[in-house]
Structures are given as structure tokens and as C-alpha cells.
Amino acid sequence: AQTVTQSQPEMSVQEAETVTLSCTYDTSESDYYLFWYKQPPSRQMILVIRQEAYKQQNATENRFSVNFQKAAKSFSLKISDSQLGDAAMYFCAYRSYLLRSYNTDKLIFGTGTRLQVFP
Amino acid sequence: DTEVTQTPKHLVMGMTNKKSLKCEQHMGHRAMYWYKQKAKKPPELMFVYSYEKLSINESVPSRFSPECPNSSLLNLHLHALQPEDSALYLCASSLGGGDSDTQYFGPGTRLTVL
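This structure is a prediction, so every number in the text was calculated from the model and none was measured. (Residues numbered from 1 in each chain as written. Chains lettered and ligands numbered in written order. Predicted model: local features only at pLDDT ≥ 70, side-chain atom pairs only at ≥ 80, totals over all residues. Heavy atoms only, no water.)

(A) Expanded view of the interface of chain B and chain A. Tallying the contact residues gives 33 residues for chain B and 25 residues for chain A. Here chain B meets chain A over a buried area of about 2,200 Å², counting both sides, of which 51% is carbon and sulfur. Seen at the junction of chain B and chain A, the total is zero salt bridges. In this assembly, chain B and chain A are joined by five residue pairs in polar contact (both at pLDDT 80 or more). (Contact = heavy atoms within 4.5 Å. Buried area = accessible area lost by both parts, 1.4 Å probe. Salt bridge = Lys/Arg side-chain N within 4 Å of Asp/Glu carboxyl O. Polar contact = N/O pair within 3.5 Å; in protein donor to acceptor, adjacent residues only side chain to side chain.)

Structure follows, in C-alpha cells:
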């Protein structure tokens, strides 16, 4: 079974600085997807970034980028130029490429990292 | 537009009440999901509907009853809940099949069972 581990329960960063959140996972599959979701105090889970395992190039979305190390099964999120609005719980998630049943899939979440941003 | 809406935002109910949570999306997605999230924990999958058919039930107690009347709407009927069922209930949707199948979440319903 696949597992996702986020070893940093809490992180903090000053505004305008850069912070990296860690995520490791365990799987025997060769094709899969990895996600970072952000959940601010408003509670809505917001997709931050997505990585396909078959792509060697690291995904980027504006100030957010990932460092995907497939052999090491590591998927860290880097937030550049941190802003107060980045304060949230961040969840790393794994999804199999091969669907377990017709047209459905399961997300496997890590335990989350709470990010605080200080002015 | 990647909007999933959920109503109500907050719900307080007694253990003998019957209530329903509603989720709606107009993105043409054919897979919809219910998650339960306790405080400071990741979401836990409850149900998956694919093309309006229940495809995954993660051994959820029968006091939770999902319903998918059409491809845009997902309900969760609640009956005889327990205080430990108090949580944030999240709905999500995705295209349904294919390799670009990202789940998009609604804002959730905060449920309190007295």
C-alpha cells in the first residue's frame, strides 16, 4: 500500500523569504501523480501544484515549485517570496496512475504541515 | 471555472435529527467524492460516485447515506449521528477517468452533532 509522510508538523517563514516543505512517499508503482494542496483557515482545500511521475521536469506555478526526486521518493514544495496569504495547512497527496476501479481514484494524504508566515 | 459549492456552511444537529448536505459542480465532472476531516487531520475518503454510480464506499456507517441524483449534484443524508461524527465534510469532483484527473474541493460543511 502507498503511504505519504510529511515529517514537519509546523514550519514558519518571514514574509518575502523562501520556505521548503518536505514530503516523502512509498510506492511500488512506476506511474503516479503527486499533489500539494493548501488548506487555509477558511477550510477550503486548494490545489497548489501537480506533478506527473513520468515527467522529469519539476512542476512550477508562479511562486510555487517542487523538487521531485523519483528515485528517492521525495516531493518537496518550495514557496518563494512568501506572503501572509500563504499561511495555511499544506497537504501532500499521492494518486495512482492506474485506476483501481472504473473511472475512480483515491488520494492518499500526508498528515500535513502547518505553515506560519510572519511579517 | 473550478468551483465546487457546498451547502450549508455550518450545520448543528441532534442525534435524532435527519439532515442532508449538498454538493454541486458545473464543470462537467463525472466523478464526485465525499470526505470527512477531523481537526488537524487530513481528509478521509468516505464515498466515490462515478457516472452517478457508487463506486467506492470506505466502510462508512449506514447512518451516512450518499445520493447522486445527477452528474452535477451529490447529497449526503445524515440520520442518527453520533457526537464523534462532528467534523468538516468536504466534497470534491474530478473529470472521471483519464490521466489528467485532478480533484477539486468545495469549501466544506462544518457539522456539529449534539
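Let us keep going from here.
(B) Fine view of the packing of aromatic side chains. Tallied over the entire structure, the rule returns 14 aromatic pairs over all chains. Ring centres of Phe64 of chain B and Tyr89 of chain B lie 5.9 Å apart, and the angle between their planes is 35 degrees; this geometry places the pair in the tilted category. Of this pair, Phe64 of chain B sits in strand β7 (residues 64–70) while Tyr89 of chain B sits in strand β9 (residues 87–94), and the two are 25 residues apart along the sequence. On the basis of relative accessibility, which here comes to 5%, the residue Phe64 of chain B falls in the buried class. An aromatic cluster of three or more residues is present, and its members are Phe35, Tyr37, Phe91 and Phe109 of chain A together with Tyr33, Tyr35 and Phe105 of chain B. (Phe/Tyr/Trp six-rings, centres within 6.5 Å; stacked < 30°, edge-to-face > 60°. Helix = DSSP H or I, 4+ residues; strand = E, 2+ residues; numbered from the N terminus. Buried < 20%, exposed > 50% of the residue type's maximum accessible area, 1.4 Å probe, protein only.)

(C) Quick look at the nonpolar core. Tyr25, Trp36, Phe75, Leu77 and Tyr90 of chain A are the most contacted members of the largest nonpolar core, which totals 26 residues. Taken together, the elements giving at least two residues each to this core come down to β3 (19–21), β5 (32–39), β6 (46–52), β8 (64–69), β9 (74–79), β10 (88–96) and β12 (113–118) of chain A. Top contributing element to this core by residue count: β10 of chain A, with four residues. Dropping the residues within four chain positions of it, Tyr25 of chain A is found in contact with Thr3, Val4, Tyr32, Leu34, Phe68, Gln69, Lys70, Lys73, Ser74, Phe75 and Tyr94 of chain A. In terms of nonpolar packing, the next biggest core, distinct from the first, is built from 23 residues, Leu21, Trp34, Met46 and Phe64 of chain B among them. (Core = buried A, V, L, I, M, F, W, Y, C linked by side-chain atoms within 4.5 Å.)

(D) Spotlight on the pattern of salt bridges. Tallied over the full model, the rule gives eight salt bridges over all chains. One salt bridge in this structure joins Arg63 of chain B and Asp85 of chain B, with 2.7 Å as the shortest N-O distance. In this pair, Arg63 of chain B is assigned in the loop between β6 (53–57) and β7 and Asp85 of chain B in the loop between β8 (73–79) and β9, connecting sequence segments 22 residues apart. Residue classification places Arg63 of chain B among the partly exposed positions, given a relative accessible area of 23%. Salt bridges sharing partners connect three or more residues here, namely Arg50, Glu52 and Lys55 of chain A.

(E) Representation of the pairing of β5 of chain A. Residues and elements named next belong to chain A. Among the eight residues that make up β5, eight are buried, leaving the element largely enclosed by the rest of the structure. Burial of β5 is two-sided: the residues Tyr32, Leu34, Trp36 and Lys38 facing one way and the residues Tyr33, Phe35, Tyr37 and Gln39 facing the other way are all buried. As paired strands, β5 and β6 are joined by six bridges and run antiparallel to one another. Bridge assignment links Phe35 to a residue of β6, and that residue is Arg50. Linking β5 back to β6 in an antiparallel pair, the connection comprises six residues, with Arg43 at a positive phi of about 85 degrees. (Pairing = 2+ DSSP bridges.)

(F) The sheet that holds strand β3 (residues 18–25) of chain B, seen in detail. Residues and elements named next belong to chain B. Overall, antiparallel pairing links the four strands, which are arranged β1-β3-β8-β7 in an open sheet. Strands with a single pairing partner mark the edges of an open sheet, and in this sheet they are β1 (4–7) and β7. Strand-to-strand twist in this sheet, taken as the mean axis angle between neighbours without regard to direction, amounts to 20 degrees. Across four bridges, the pairing between β1 and β3 is antiparallel. Residue Thr7 lies in a different strand from β3, and its bridge partner there is Lys22. (Axes fitted to C-alpha atoms, helices over the stretch in contact; angles between N-to-C directions.)

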